[in-house]
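An overview of the molecular structure
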Amino acid sequence: MKIAPSILSADFANLGQDVKMVEELGADYIHVDVMDGHFVPNITFGPNVVAAIRPITKLPLDCHLMIEQPELYVADFANAGADIINVHVEATPHIHRVLQLIKSLGVKAGVTINPGTPVAAIAHVLSMADLVLVMTVNPGFGGQKFIPEMMEKVAELATLRDEKGYTYEIEVDGGVTAETIGACKEAGADVFVAGSYIYDAEEPGARIQALKEVLEG
């Protein structure tokens, strides 16, 4: 069970400090939400930001590419220091090729599905995936309300993993709080992305601890 704070909600003027802070507070991954203003209605980070924070933390950098034609950019993110690169099945007609490319670069490959996308859309690439990300909000902005119906997809992915002997981690992203993380764990998730819940708090450490307490309970 891993907590992955999303730097989408960090203080961009003190990004390095905010990355170090959550590492010291017990985070397991750093989640980097990359948005291009086309696939989602927001613009955030590029490979240069990944390269800037790479020397600051020993934690794996989990780069979530919410961008069109991700195949054009995965090499840049791999070279910048990404440990995991997640791409949306909805963003490319060549998801199998993109996952092959990511793995050829020595990086763990993740495949992501939006709330309206069924697990069936990625059934034929699950054997390649190191991580499967289920969006529990519509991608594009932080601070949205958790969509509980997505737990059906998490449970389906957990069942498929057991039945087929797959090895991917199941990640959830969007609206994760101490009130919602229990349902995610119960459904079979392993990695929990939390942004505003952690970074908007007066005591981020208390929020990380609250999440871990639910997972350990």
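Structural data are supplied above this passage.
One structure accompanies this document, and this report is about it. What you are looking at is a predicted structure, and each value in this text was computed from that prediction instead of being measured.

**Thoughts on the overall build of the chain**
Along the backbone of the chain there are 8 helices and 8 strands. What you see for the chain is a C-alpha radius of gyration of 16 Å, in line with the 17 Å of a compact globule of 217 residues. With respect to the principal axes defined by its C-alpha atoms, the chain has extents near 45 × 40 × 30 Å. Within the span of the chain, comprising 217 residues, buried residues form 54% of the whole. Taking as baseline every contact in the chain between residues at least 6 positions apart, the subset at least 24 positions apart corresponds to 62%. Put simply, the chain shows about 9300 Å² of open surface, and 50% of that area lies on carbon and sulfur atoms. Separation between the mean location of the 14 positive side-chain charges and that of the 30 negative ones in the chain comes to 5 Å.

**Examining helix α1 (residues 15-24)**
Of all the positions in α1, only Leu-15, Gly-16, Asp-18, Val-19 and Val-22 are classed as buried. Around the axis of α1, the buried residues are gathered within 165° of arc, so they sit on the same side. Exposed residues lying more than 90 degrees from the buried face of α1 are Gln-17 and Glu-24. Contacts made by the buried residues of α1 are with β1 (2-5), β2 (30-35), α2 (47-53), α7 (196-199) and α8 (204-216). Downstream of α1 by a residue or two, Gly-26 has a phi angle that is positive, lying close to 110°.

**Concerning α8**
With 13 residues, α8 extends 18 Å between its outermost C-alpha atoms, agreeing within 8% with the 18 Å of an ideal straight helix rising 1.5 Å per residue. Buried within α8 are the following residues: Pro-204, Ile-208, Leu-211, Lys-212 and Leu-215. Projected down its long axis, α8 shows its buried positions confined to an angular sector of 95°, all on one face. Where the residues of α8 are buried, they touch β1, α1, α6 (181-187), β8 (191-194) and α7.

**A short note on the pattern of salt bridges**
Considering all chains together, one arrives at 5 salt bridges under this definition. Residue Asp-130 pairs with Lys-103 through a salt bridge whose shortest N-O separation is 3.1 Å. Pair noted here: Asp-130 is in the loop between β5 (108-113) and β6 (131-135) and Lys-103 is in helix α4 (residues 95-104), with a separation of 27 residues, a long-range link. For Asp-130, a relative accessible area of 23% gives the class partly exposed.

**Section: the nonpolar core**
Ranked by internal contacts, the top residues of the largest apolar core, which has 65 residues, are Ile-7 and Ile-85. Excluding its chain neighbours within four sequence positions, the residues that come into contact with Ile-85 are Cys-63, Leu-65, Val-74, Phe-77, Ala-78, Ile-102, Val-107, Lys-108, Ala-109 and Gly-110. Membership of the second largest hydrophobic core comes to 9 residues, among which are Ala-4, Tyr-29, Ile-84 and Val-191.

**Digging into the sheet that holds β6**
Note on sheets: strands pair through backbone hydrogen bonds, and any given pair is parallel or antiparallel. One open sheet holds the 8 strands; their spatial order is β1-β8-β7-β6-β5-β4-β3-β2, and the pairing between them is parallel. In the strand order of this sheet, the two ends are held by β1 and β2, each with one partner. The sheet shows a mean angle of 25° between the axes of neighbouring strands, taken without regard to direction. Judged from the 5 bridges that link them, strand β4 (residues 84-88) and β5 form a sheet pairing that is parallel. Among the inter-strand pairings, Ile-85 is bridged to a residue of β5, identified as Ala-109. Its contacts with the sheet put α4 on β4 and β5, and the angle it makes with β5 is roughly 150°.

Reading the values: rules and limits
- Residues numbered from 1 in each chain as written.
- Predicted model: local features only at pLDDT ≥ 70, side-chain atom pairs only at ≥ 80, totals over all residues.
- Heavy atoms only, no water.
- Helix = DSSP H or I, 4+ residues; strand = E, 2+ residues; numbered from the N terminus.
- Rg over C-alpha atoms; globule rule 2.2 N^0.38 Å.
- Buried < 20%, exposed > 50% of the residue type's maximum accessible area, 1.4 Å probe, protein only.
- Contact = heavy atoms within 4.5 Å.
- Areas by Shrake-Rupley, 256 points an atom, 1.4 Å probe, with all protein chains shown as cover.
- Lys, Arg positive; Asp, Glu negative; His and termini not counted.
- Charge placed at Lys NZ, Arg CZ, Asp CG, Glu CD.
- Arc of directions from axis to C-beta.
- Expected span 1.5 Å × (residues − 1).
- Salt bridge = Lys/Arg side-chain N within 4 Å of Asp/Glu carboxyl O.
- Core = buried A, V, L, I, M, F, W, Y, C linked by side-chain atoms within 4.5 Å.
- Pairing = 2+ DSSP bridges.
- Axes fitted to C-alpha atoms, helices over the stretch in contact; angles between N-to-C directions.

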